[in-house]
Amino acid sequence: MSERLSVLKTYKLYVGGKFPRSESGRVYEVTDAKGKWLANAPLSSRKDARDAVAAARKAFGGWSGATAYNRGQILYRIAEMLEGRRDQYVAEVADAEGLSKSKATAQVDAAIDRWVWYAGWTDKIAQVVGGGNPVAGPFFNLSSPEPTGVVAVLAPQKSSFLGLVSVVAPVVATGNTAVVVASEKSPLPALSLGEVLATSDLPGGVVNVLSGRTAEIAAPLAAHQDVNAIDLAGADEELAKELEIAAADNLKRVLRPQPVDNADWSAAPGTDRMTAFLETKTVWHPTGALGASGSSY
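Source: prediction; values computed, not measured. (Residues numbered from 1 in each chain as written. Predicted model: local features only at pLDDT ≥ 70, side-chain atom pairs only at ≥ 80, totals over all residues. Heavy atoms only, no water.)

Glancing now at the environment of Ala 49. Inspection of the secondary structure assignment puts Ala 49 in helix H1 (residues 46-65). For Ala 49, a relative accessible area of 1% corresponds to the buried category. C-alpha of Ala 49 to C-alpha of Val 179: the two residues are 130 residues apart in sequence and 7.9 Å apart in space. With near-sequence residues (within four places) excluded, Ala 49 lies in contact with Leu 210, Ile 217, Pro 220 and Leu 221. (Helix = DSSP H or I, 4+ residues; strand = E, 2+ residues; numbered from the N terminus. Buried < 20%, exposed > 50% of the residue type's maximum accessible area, 1.4 Å probe, protein only. Contact = heavy atoms within 4.5 Å.)

Okay, the environment of Val 128 next. Tracing the backbone shows Val 128 in helix H5 (residues 125-129). What makes Val 128 exposed here is its relative accessible area of 51%.

Another aspect to go through is the sheet that holds strand E3 (residues 131-132). The strand order across the open sheet built from 3 strands is E3-E4-E10, with neighbouring strands paired in antiparallel fashion. In this open sheet, the two edge strands, each paired with only one partner strand, are E3 and strand E10 (278-286). Summarising the sheet, E3 and strand E4 (residues 139-147) pair through 2 bridges and their orientation is antiparallel. Pairing of Gly 132 across the sheet is with Leu 142, part of E4. (Pairing = 2+ DSSP bridges.)

Here's what the structure looks like:
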C-alpha cells in the first residue's frame, strides 16, 4: 500500500463572510519559532483592506441594531466552536509562539474563556456606562452607549491567539464591526478564527481578517474615511505614531498600545477595551408640569 500524501491546508483571508485569496495573488511564508515552514499565508493588499472596510460597513447596521442578548448568544456560539477546535489551536499556538503543548493549551483555554467573558458583557455594559443623570429642571436626562462603527484592529504581534481574542471580542461585543490585521509573523490562528466565525451565527462582514505586512495594510486603514476607530495593539512605537497622524484626518478614535506589544494578555481585561469604542448618546425629555402637590409624570 502506497504511503498517503497529506492534504496541505490553504489559508485564505476572511472578508464579508467569504474566503478570498488576496486580490494581488501574493502569499508569504509563515514559519514556526525555529524557522520551519508551516504554510503560505495571503499577503493582503490595499485593495483587500478597502474591500474589508466595505464589508464591515455593510454589516454594521444589522449587527449594531441586533439586541444585546442576541449578540451575546452569537458570541457564545463562537466560543463553543472554538472549544471544538481546541486541539487545532493548541498546535497552531505552540508552533507560532514556540511554546510547549501544556503552555499552549493554557493560552488557548484562556482565550476561549475570555471570549465567553465578553459574550456575557453584551447585555450588561449599558448598565455600567449608561443611566439616568440628575439635572436641575423638569427633565429626564438619560445616557446610553452606542457602538462607534467600523474599527480597524491591529492584532498583537507576539500573542497570536489570546492577544487576538482580547482585542477582537470587545470590539464586536459592543456592536461594532471589525477589520482585523493578523499578527504578521504568526497569522495562522487568526486565519483559522475566520473559519470558526464562518460556521457560527455571526453575520458575514462583522469580523474580517487580513494577513500580511502590518504596516502595508494598516496605512490605508488608518487613512480610510469610512473607518471610525483603530486599535494599534500590534503596532510598534514608530508605526503607531504614523498611523495616529493618518487617523487624525477624519478624527478617528485611536487606542494606542500600552505598553507597545508587551501587554500581559493573561491579566484580567476589565471593561476598558469595550468602552474605548463606544459613544455616549444623551437624550433629554420633559417630565411634564409639576402639579400643586409637587408630583409629575
